[in-house]
Amino acid sequence: MGKAFRSQRAVRCCSALADEGTAMLQRFPRNLRGRDFAVGDIHGHFSRVAVALQEAAFDPARDRLFSVGDLIDRGPECERVLEWLAYPWFFPVRGNHEHMLLNAQVDLHFSNGGAWFYGLADEVRDNIAARLARLPLLIEVEVPEGRIGIVHADVPSADWMALRFAVEREAGGSEELLEHCLWSRQRIMSGDASRVHGISAVVVGHTPLQRPAMLGNVIHIDTGGWLPKGRGGYF
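Here's a quick rundown of the structure. (Residues numbered from 1 in each chain as written. Predicted model: local features only at pLDDT ≥ 70, side-chain atom pairs only at ≥ 80, totals over all residues. Heavy atoms only, no water.)

One open sheet accounts for six strands, arranged β1-β5-β6-β7-β9-β8; its pairing is mixed. Each of the sheet's edge strands pairs with one partner strand only, and the pair in question is β1 (25-28) and β8 (213-215). Going across the sheet, the axis of each strand differs from the next one's by a mean of 20 degrees, ignoring polarity. In this structure, strand β6 (residues 146-150) lies alongside strand β7 (residues 201-204), joined through three bridges in parallel fashion. Looking at β7, one finds that Ile148 is bridged to Ala201. On top of the sheet, helix α7 (residues 160-169) reaches β1, β5 (138-143), β6 and β7; it is set at about 135 degrees to β5, its chief contact. (Pairing = 2+ DSSP bridges. Helix = DSSP H or I, 4+ residues; strand = E, 2+ residues; numbered from the N terminus. Axes fitted to C-alpha atoms, helices over the stretch in contact; angles between N-to-C directions. Contact = heavy atoms within 4.5 Å.)

This is the structure in structure tokens:
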């Protein structure tokens, strides 16, 4: 009965937070002081990401790390998400796992690595949900070559500007748009190499691959760094 009570409270809490006004697009100017990095799905393996950053000589005073989302679930360090979201150099978009939590899809979330969340104290759950609710759906980053877009899974059209307009006009977009941005594997599974216009490149995650893949100007970077040891994943 206790678990049921916790789940019902989480449903009410997260549904309310998901309805709050949130900037679904964040823009970042060119980094004139250092380098910009992007990381694939993390899934609660923040220590592994820290090792990869150390190997890349990441400088938190100058460099920035952008993330394709799915910060939580499946891994052993999901509760560290608040610590990482407090870093002033770390900028993620919302993934489908954050979306499941925020939209109170309890059964689906629980069966996809989300059990850790429902066993937390109420205050901790509230703090995590409140912070995740502030994650954008899209990020744009100015780079010397133009603009890079970041979204979790895929772009639902051939025009980035049309996507941006829909997200801003509809305060996050329609359910169909969200489904595609957060869940779709259509492009990578079909080998669709068509370009997304209105943006220099788009960086996505969601689908674990043995190595990064570029289709048109869409770069798939989830290399399964969250997978169990021995499965070949890396950040």
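Moving on, we get to the pattern of salt bridges. Enumeration over the complete set of coordinates arrives at 11 salt bridges. Between Arg27 and Glu168 there is a salt bridge whose closest N-O contact spans 3.2 Å. Taken as a pair, Arg27 in strand β1 and Glu168 in helix α7 lie far apart in primary sequence, 141 residues in all. Looking at Arg27, the relative accessible area reads 48%, which means it is partly exposed. Glu77 serves as the salt-bridge partner of Arg80, at 3.5 Å between the closest nitrogen and oxygen. With a relative accessible area of 25%, Arg80 lands in the partly exposed category. One network of salt bridges, with partners in common, ties together Arg27, Glu140, Arg147, Arg164 and Glu168. (Salt bridge = Lys/Arg side-chain N within 4 Å of Asp/Glu carboxyl O. Buried < 20%, exposed > 50% of the residue type's maximum accessible area, 1.4 Å probe, protein only.)

Here we come to the layout of surface pockets. What the largest pocket holds in volume is close to 290 Å³. Forming the walls of the largest pocket are 15 residues, and the residues nearest its centre are Ala38, Val39, Gly40, Ala52 and Phe235. Going through the elements one at a time, β2 (36-39) and α2 (46-55) are the ones with two or more residues in the lining of the largest pocket. Classifying every residue of the lining of the largest pocket gives 13 nonpolar, two polar and no charged. (1 Å grid on protein atoms, 1.4 Å probe; cavity = no way out; pocket = protein on both sides within 12 Å on 5 of 7 lines; lining within 4 Å. Points joined across faces, edges and corners; volume = space filled by probe spheres on them. Nonpolar A, V, L, I, M, F, W, Y, C, P; charged D, E, K, R; others polar.)

The next thing to look at is the packing of aromatic side chains. For the structure shown, the criterion picks out 14 aromatic pairs. A centroid spacing of 5.4 Å and a plane angle of 65 degrees characterise the contact between Trp84 and Tyr87, whose relative ring orientation is edge-to-face. Exposure remark for Tyr87: the relative accessible area of 26% places this residue in the partly exposed category. Relative to Tyr118, the ring of Phe117 has its centre 5.2 Å away and its plane inclined at 85 degrees; by these criteria the two rings are edge-to-face. By the burial criterion, Phe117 is buried, and Tyr118 matches it. Ring-pair connections join several aromatic residues into one group, and the members of that group are Phe37, Phe46, Phe58, Trp84, Tyr87, Trp89 and Phe90. (Phe/Tyr/Trp six-rings, centres within 6.5 Å; stacked < 30°, edge-to-face > 60°.)

Our focus in this paragraph is the nonpolar core. Ranked by size, the top nonpolar core spans 27 residues in total, and within it Leu65, Leu71, Val81, Trp84, Phe90 and Leu132 carry the most contacts. The set of elements that each furnish at least two residues to this core consists of α2, α3 (81-85), α4 (96-102), α5 (106-118) and α6 (122-132). Ignoring anything within four residues of it in the chain, the contact list for Leu132 reads Ile72, Val81, Leu85, Arg94, Glu98, Leu101 and Leu102. Met24, Cys181, Val196 and Val202 belong to the second-largest nonpolar core, a separate cluster that totals 19 residues. (Core = buried A, V, L, I, M, F, W, Y, C linked by side-chain atoms within 4.5 Å.)

With that out of the way, let us pick up the sheet that holds β2. Read across the sheet, three strands follow the order β2-β3-β4 without closing on themselves; strand pairing throughout is parallel. The outermost strands of the open sheet, each flanked by one partner alone, are β2 and β4 (90-92). When strand polarity is set aside, the average angle formed by the axes of neighbouring strands in this sheet is 25 degrees. One ladder, built from four bridges, connects β2 with strand β3 (residues 64-67); its direction is parallel. Bridging across to β3, Ala38 finds its partner in Phe66.

For α2, the complete set of buried residues consists of Phe46, Val49 and Leu53. The buried residues of α2 all sit within an arc of 55 degrees when viewed along its axis, so they share a single face. In α2, the exposed positions that point more than 90 degrees away from the buried face belong to Gln54 and Glu55. Here the buried face of α2 lies against β2, β3 and α3. (Arc of directions from axis to C-beta.)

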